[in-house]
Amino acid sequence: MKTLPTRKRVPDTKKARVLVVGDVMLDRYWFGDASRISPEAPVPVVLIVREEARLGAAANVAHNCAALGARTQLLSVIGRDENGELLVKLVREKGIQGSFHRDPKIRTTVKLRVVARQQQLLRLDFETQPSREVLASKLADFSQALPACEVVILSDYGKGGLTHIARMIRLAREAGKQVLVDPKGDDYSRYKGAHVVTPNQAELREVVGRWKSEADLERRAQRLRKKLALQALLLTRGKDGVTLYTAGGAVHVKSEEREVYDVSGAGDTVIATLGTMLAAGARLEQAVRLANRAGGIVVGKVGTAAISRKELFA
Ligand SMILES: Nc1ncnc2c1ncn2[C@@H]1O[C@H](COP(=O)(O)OP(=O)(O)OP(=O)(O)O)[C@@H](O)[C@H]1O
Ligand SMILES: [Mg+2]
């Protein structure tokens, strides 16, 4: 069965339609020169010479789907502020269809790094929870967006944008869509009924406890998978690749050796590739292998990044 030719075919990602929902973030970088100490306090003075902004969290997931060729819609909440506008502009530039609720009561989530002499001096975080009313209207948008996709990716960064996640999973399943979740926190009961949940090792440890051996891990992972009625649990294991747990057992896929520059956002790339390939009609195991390959490629890039179809199938 494993060598059926249809499995080897390269999935046509142009046909894939993916809906990404979750907490979006803007990763900002201010680069400058620090050549003197402030007269006001014992801190360096940085003269900013260059700026960069990248899509983060769920927006990075959407960016990765779009870069692979999927028609991608991103549903999220942002503030009515300058950072929100910048995020909307970047989303448009990446070819993502953005559906944003602008909540005047919150700030758009931003991580701003000040970098001088290749060193991060400071990171400033801005974030606030979206309000109840805005989240409720987001649920209505979700129902409307559902018919136009095959796969729903729920990217939980624990910032409050996925308060209604249990209902979203139910609605998506009723509409016959595949649901993938990148989890956060120690309460996974709200992910019940999703098709695939993709924790990393630290995230899984938080819910199933510390495992003593590979066999112990498999028992714990399978117990969680059954309890949540998932089709699969995909554990991402950093430099060790991924392990897929399904009713058929565990399948381990090793990572592809390469030079690592920056591991941040690798998990986003994995779930985005998985979702795009499934939406393009790939079988789960083939999609997992491609997702693992994509994760290995993206860690060779600096900062949160996306990879193209061409790079993935090279
Ligand atoms: N050092 C590495 N070498 C090769 N591949 C890697 C390495 N680190 C990560 N990967 C690839 O990326 C995938 C996801 O990495 P990881 O398990 O660290 O996810 P994560 O912690 O959710 O990442 P993040 O939250 O930073 O996006 C791995 O399963 C693997 O395919
Ligand atoms: Mg992650």
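Residues numbered from 1 in each chain as written. Chains lettered and ligands numbered in written order. Predicted model: local features only at pLDDT ≥ 70, side-chain atom pairs only at ≥ 80, totals over all residues.

(A) Seen up close, helix 5 (residues 165-174). Along helix 5, the residues that are buried comprise Ile 165, Met 168, Ile 169 and Ala 172. Considered in projection along helix 5, the buried side chains sweep an arc of 100° and stay on one side of the axis. Check the buried side of helix 5 and you find it contacts strand 1 (17-22), helix 4 (132-145), strand 8 (151-155) and strand 9 (178-182). (Buried ≥ 20, exposed ≤ 12 C-beta atoms within 10 Å, placed from the backbone. Helix = DSSP H or I, 4+ residues; strand = E, 2+ residues; numbered from the N terminus. Arc of directions from axis to C-beta. Contact = placed C-beta atoms within 7 Å.)

(B) Layout of the site of ligand 1. By nearness alone, 20 residues border ligand 1, and Asn 200, Thr 236, Ala 266, Gly 267 and Gly 295 come closest of all. A total of four residues in the shell around ligand 1 trace back to one element, the largest contributor, which is helix 8 (residues 266-279). Grouping the constituent residues of the shell around ligand 1 by class yields six nonpolar, 11 polar and three charged. (Near = placed C-beta within 6 Å. Nonpolar A, V, L, I, M, F, W, Y, C, P; charged D, E, K, R; others polar.)

(C) Molecular detail of the sheet that holds strand 7 (residues 119-126). One open sheet accounts for four strands, arranged 3-2-6-7; its pairing is mixed. Here the strands that pair on one side only, and so sit at the sheet edges, are strand 3 (44-57) and strand 7. Across the sheet, the axes of successive neighbouring strands diverge by a mean angle of 20°, strand direction being ignored. For strand 6 (residues 110-116) and strand 7, the ladder comprises seven bridges, and the chain directions are antiparallel. Of the residues in strand 7, the one forming a bridge with Val 115 is Gln 120. Running over the sheet, helix 2 (residues 58-67) touches strand 2 (24-37) and strand 3 and is turned about 60° from strand 3. (Pairing = 2+ DSSP bridges. Axes fitted to C-alpha atoms, helices over the stretch in contact; angles between N-to-C directions.)

(D) Quick peek at the nonpolar core. Membership of the largest hydrophobic core comes to 81 residues, with the highest contact counts inside it found for Val 18, Val 20, Ala 58, Ala 59, Ile 153 and Leu 274. Discounting chain neighbours no more than four positions away, the residues touching Leu 274 are Leu 180, Val 196, Ala 287, Val 288 and Ala 291. (Core = buried A, V, L, I, M, F, W, Y, C linked by C-beta atoms within 7 Å.)

(E) Broad picture of helix 9 (residues 284-298). The terminal C-alpha atoms of helix 9, which comprises 15 residues, lie 21 Å apart, in line with the 21 Å expected from a rise of 1.5 Å per residue. Burial of helix 9 is extensive: 13 of the 15 residues sit out of reach of the surface. (Expected span 1.5 Å × (residues − 1).)

(F) Structural detail: the packing of helix 2 against helix 8. Put simply, helix 2 and helix 8 touch, their axes get as near as 8 Å, and they point 45° apart. Compared by their axis directions, helix 2 and helix 8 come out oblique. The handedness of the crossing between helix 2 and helix 8 comes out as right-handed. Of the residues in helix 8, those in contact with Asn 60, Val 61, Asn 64 and Cys 65 of helix 2 are Asp 268, Thr 269, Ile 271, Ala 272, Thr 273, Gly 275 and Thr 276. Residue classes in the contact of helix 2 with helix 8 are distributed as four nonpolar, six polar and one charged. (Parallel < 35°, antiparallel > 145°, perpendicular 65-115°, else oblique. Left-handed = near helix turned anticlockwise from the far one by under 90°.)

(G) Up close: the pairing of strand 3. Summarising the sheet, strand 2 and strand 3 pair through 13 bridges and their orientation is antiparallel. Across the sheet, the residue bridging to Arg 36 is Val 45, located in strand 3. In this antiparallel pair of consecutive strands, strand 2 and strand 3, the connection spans six residues.

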